[in-house]
Structure formats: C-alpha cells, structure tokens
Amino acid sequence: NVNGTGKYFGGLVGKNEGYLSNSHYNIDNVVINGGSHVTIGGLFNDQYENWLSGGLSLFISDYSQSLIPDGNYYEISSVQGLKDLLGFADVRDYRFRLTTDLDLFDVFGFFIPYFAAAEFDGSNHAISNLHINISNDHIALFGYIDGGDIKNLGLVDIDVTGLENVGGLVGYLSGGSVTNCHATGTVNGTENHVGGLVGYMSDGSMIDCFASGDVIGRNMVGGLAGFNHGNISHCYSICDVAGINHVGGLVGRNSGDSVIRCQSRGAVNGTGSHVGGLLGYNLSLI
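Let me sum up the structure you'll find in this document. (Residues numbered from 1 in each chain as written. Predicted model: local features only at pLDDT ≥ 70, side-chain atom pairs only at ≥ 80, totals over all residues. Heavy atoms only, no water.)

### Section: the overall build of the protein chain
Just so we agree on the cut-off: Labels follow the DSSP assignment, with helices taken as runs of H or I lasting at least four residues and strands as runs of E lasting at least two, numbered in each case from the N terminus. In this description the radius of gyration comes from C-alpha coordinates, and the expected globular size is given by 2.2 Å times residues to the power 0.38. Exposure categories follow from relative accessible area, calculated using a 1.4 Å probe and restricted to protein chains: below 20% of the type maximum is buried, above 50% is exposed, and the middle band is partly exposed.
Looking only at helices and strands, the protein chain features two helices and 27 strands. Relative to the 2.2 N^0.38 estimate, which gives 19 Å for 286 residues, the radius of gyration of the protein chain is 18 Å and therefore close to what a compact globule would have. Projected onto the principal axes, the alpha-carbon positions of the protein chain cover approximately 55 × 45 × 35 Å. Split into buried and exposed, the 286 residues of the protein chain put 53% on the buried side.

### Examining the nonpolar core
We apply this condition: To define a nonpolar core, start from buried Ala, Val, Leu, Ile, Met, Phe, Trp, Tyr and Cys residues and group those joined through side-chain atoms within 4.5 Å. By definition, residues are in contact when any of their heavy atoms lie within 4.5 Å.
In this structure, Phe-96, Phe-120, Leu-169 and Met-206 are the most contacted members of the largest nonpolar core, which totals 73 residues. It is strand β13 (residues 170–189) that contributes the most residues to this core, six residues altogether. Phe-120 has contacts with Ile-76, Leu-82, Leu-85, Phe-96, Leu-98, Phe-115, Phe-142, Asp-149, Ile-150, Lys-151 and Leu-153, leaving out every residue within four places of it along the chain.

### Comments concerning the pattern of salt bridges
Threshold: Throughout this description, the term salt bridge denotes a Lys or Arg side-chain nitrogen within 4 Å of a carboxyl oxygen of Asp or Glu.
Scanning the model with the defined rule gives seven salt bridges in all. Where Glu-75 meets Arg-97, a salt bridge forms, and the shortest distance between an N and an O atom there is 3.0 Å. A residue pair is termed long-range when its members are at least 10 positions apart, and Glu-75 in strand β4 (residues 73–76) and Arg-97 in strand β5 (residues 95–98) qualify at 22 residues. Taken as a pair, Glu-75 and Arg-97 share a single burial class, namely buried. Taking the shortest distance from any N to any O, the salt bridge between Lys-151 and Glu-119 comes out at 3.6 Å. On the criterion of sequence distance, the pair formed by Lys-151 in strand β11 (residues 149–162) and Glu-119 in strand β8 (residues 119–128) is long-range, its members being 32 residues apart.

### As for the pairing of strand β10 (residues 142–146)
What counts is decided by this rule: Strands are treated as partners if at least two bridges between them are detected by DSSP.
Summarising burial for β10: four of the five residues are buried, a large majority. Alignment of strand β7 (residues 112–115) against β10, held across three bridges, turns out to be parallel. In the sheet register, Phe-115 faces β10, and the bridge partner there is Ile-145. With four bridges joining them, β10 and β13 adopt parallel strand pairing. By the bridge assignment for β13, Asp-146 is matched with Ser-174.

### A closer look at the sheet that holds strand β12 (residues 166–167)
Within the open sheet, the five strands sit side by side as β12-β14-β17-β21-β26. Their pairing is parallel. Each edge of the open sheet carries a strand with a single partner, namely β12 and β26 (275–276). By the bridge criterion, two bridges tie strand β14 (residues 194–195) to strand β17 (residues 219–222) in an arrangement that is parallel. Residue pairing for β17: Val-194 is matched across the bridge by Val-221.

### What about unusual backbone geometry?
In the Ramachandran plot, Asn-22 falls in the positive-phi region, its phi being about 50 degrees despite a non-glycine side chain. Taking relative accessible area as the criterion, Asn-22 reaches 42% and is therefore assigned partly exposed. In this structure, Met-220 takes a positive phi of about 60 degrees despite not being glycine. Mapping Met-220 onto the fold places it in strand β17. A relative accessible area of 16% places Met-220 in the buried class.

### Considering the side chain of Gln-47
Tracing the chain through its elements places Gln-47 in helix α1 (residues 45–53). Residues within four places of Gln-47 in sequence aside, it is in contact with Leu-58, Tyr-63, Lys-83, Asp-84, Leu-86, Gly-87 and Phe-88.

### Brief notes about α1
Think of an α-helix as turning once every 3.6 residues; residues three or four places apart then point the same way. The condition is simple: In this description, the arc belongs to the directions extending from the helix axis to the C-beta atoms.
If you check which residues of α1 are buried, you get Gln-47, Tyr-48 and Trp-51. Looking straight down α1, one finds its buried side chains confined to an arc of 100 degrees; they lie on one side. Opposite the buried face of α1, by more than 90 degrees, sit the exposed residues Asp-46 and Ser-53. Against the buried residues of α1 lie β1 (25–26), β2 (42–43) and α2 (79–85).

### Brief notes about the side chain of Ser-128
Take Ser-128: it is sitting in strand β8. Setting aside its immediate chain neighbours within four residues, Ser-128 contacts Leu-102, Asp-103, Leu-104, Phe-105 and Val-156.

### Focus on the layout of surface pockets
Cut-off, in case you're wondering: The rule is simple: put a 1 Å grid over the protein atoms alone, call a set of points where a 1.4 Å probe fits but cannot get out a cavity, call an open set with protein on both sides within 12 Å along at least five of seven lines a pocket, and count a residue as lining if it has an atom within 4 Å of a point. Grid points are joined across faces, edges and corners, and a volume is the space filled by probe spheres set on the points. Here the term charged refers only to Asp, Glu, Lys and Arg, the term nonpolar to Ala, Val, Leu, Ile, Met, Phe, Trp, Tyr, Cys and Pro, and the term polar to all other amino acids, Gly among them.
Taken as a whole, the largest pocket spans an internal volume of roughly 1200 Å³. Looking at the largest pocket, it is lined by 40 residues, and the ones nearest its centre are Asn-16, Leu-20, Ile-40, Gly-41 and Tyr-114. Mapped onto the lining of the largest pocket, the elements with two or more residues apiece are β2 and β7. By residue class, the composition of the lining of the largest pocket is 22 nonpolar, 14 polar and four charged. Considered as a void within the structure, the second largest pocket measures approximately 190 Å³ in volume. Taken together, 14 residues form the lining of the second largest pocket, with Ser-36, Val-38, Phe-108, Gly-109 and Phe-110 sitting closest to its centre. Residue composition of the lining of the second largest pocket, grouped by class: eight nonpolar, four polar and two charged.

Here's what the structure looks like:
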C-alpha cells in the first residue's frame with residue numbers, strides 16, 4: 001500500500017528527476033490512496049506477471065492479439081490493446097495505429113504516463129470518456145511525450161484533472177508533433193500549464209488541431225495550450241478558459257516560437273494579469 005496526503009505519488013516513484021529504466025509495478029495489486037491508479041512504470045497484472053516470468057523482459061510478439069502487427073505498425077482495436085501498450089510505449093522504433101473507436105468508460109483513471117515510441121496514429125478514430133483525477137504532474141491521455149508523433153486522433157467527452165502540465169491529449173510535449181487531433185470536454189489543473197489539448201509544449205509542433213469545452217487552471221492556461229515554446233499553426237479553440245495570470249483563449253503564454261493562422265472563440269476569464277482573447281502573454285511573432 002502507498003498512502004500520501006500531499007501531492008506526487010506513484011506505485012513506483014512519487015516524483016522522479018533522474019533516470020528510471022525497465023522498472024515497473026503492478027497496477028492491479030498496488031493500492032495507492034485506497035485505489036488502483038495508473039502512474040509511471042505501471043503495468044496491469046497479466047503484463048506485469050509476464051515481465052517477471054520473462055526475466056524482466058517483455059516481447060511485443062507475445063501480444064499479437066491486442067497489438068496486431070501490420071507492416072511497420074502495431075494495430076490497436078480494443079481497450080486491452082491500449083493497456084498492453086503501456087509495456088512498449090518507451091520503445092523508440094515502435095509505431096501504433098488505432099483501427100476503431102474506443103470507449104474508456106469502464107477504465108476510469110487510465111492514461112499513458114510516458115510515450116517515447118515513434119508514432120501513434122489514430123486513423124481519424126475517437127477515444128471517448130477519458131476520465132483522470134490524480135494529484136500528479138503530466139496528466140493527459142499521453143502524460144509525457146518524449147519525441148513521438150501523435151496524429152489523426154480525437155478525444156470525446158473527456159474529464160481530466162491533475163496538478164501541473166495538464167491537457168486533454170498531451171500533458172507535456174517534448175519534441176515530436178501533434179497533427180490533426182482534437183479534444184472535447186473538461187480539463188482542470190490545480191496549478192500551472194493547463195491546456196485543452198496540450199498543457200506544456202517545450203518544443204515540437206501542433207498543426208490542424210482544436211479543442212472545445214472548459215479549461216481551468218492557475219497560471220499559463222489556454223484553450224489549446226497552456227504554455228507554448230514550439231510551433232502552432234492552423235489550430236483553433238472554442239473553449240471557455242479560466243485562470244489567474246497568463247490566460248488566453250488559445251495559448252496562455254507563448255514564449256519564443258510561432259502561432260500562425262490560428263483563432264479562438266469562447267469566454268476568457270483571468271483574475272490576475274496578462275489575459276487575452278487569443279494569447280495571454282506573447283514573446284514571439286504571431
């Protein structure tokens with residue numbers, strides 16, 4: 001059992017600023033604050049047991065029923081496939097492709113904390129009922145993207161709550177790209193860097209994307225992205241956005257890179273400073 005009354009908790013580590021490799025915990029057996037929670041390093045029971053019995057190794061060929069090989073991709077046609085993706089989300093060369101719409105209603109709290117694979121292609125399918133409520137950073141369907149590309153994916157009826165770097169699709173984007181994606185629903189971060197689609201974008205690009213619904217945070221809150229240090233083009237937001245400082249209809253704080261051919265529609269409410277219909281605070285060309 002893991003119990004904490006503050007913030008930053010996990011089945012493997014509360015907060016990590018170093019390097020962890022090939023280290024896991026059993027989501028189904030480790031009780032965190034009274035329940036089963038997905039945090040970084042988590043694997044569901046069957047996959048965790050396979051990892052143990054396989055000499056602390058997992059082989060994607062053993063999951064051909066849920067991660068179906070097709071050319072350069074592993075295809076996902078079930079929620080089980082998303083669950084099994086957790087064991088391989090950090091393998092750089094792997095590419096995943098969704099082949100149908102999926103509903104996460106029965107797996108409350110599921111998300112992919114860390115994704116460093118080459119690509120996730122939604123193939124213009126939707127994932128609905130993403131519901132997360134956890135007192136950690138980097139919270140979204142993909143909590144932390146480390147150089148991978150996400151494209152052609154829609155999220156519908158989401159309800160996401162976290163601390164900092166909170167988004168509907170991506171919590172923290174470090175390199176890579178988000179292309180032709182959208183999210184509809186509610187995103188709530190109790191601290192900073194909160195966006196309807198991406199919470200914090202340190203670099204990379206976002207193209208042909210949109211978000212709609214409600215976005216609530218503290219500082220650097222935006223309908224599409226809370227903080228941008230990448231390139232955003234041909235995107236829009238129709239979110240109602242609320243925060244304190246650096247609050248924007250599209251981006252809360254735009255720092256150093258471009259926002260091109262974008263728009264926002266919706267109410268923007270900031271009780272502090274630097275509040276704008278498109279950008280709350282801008283340090284770049286638009």
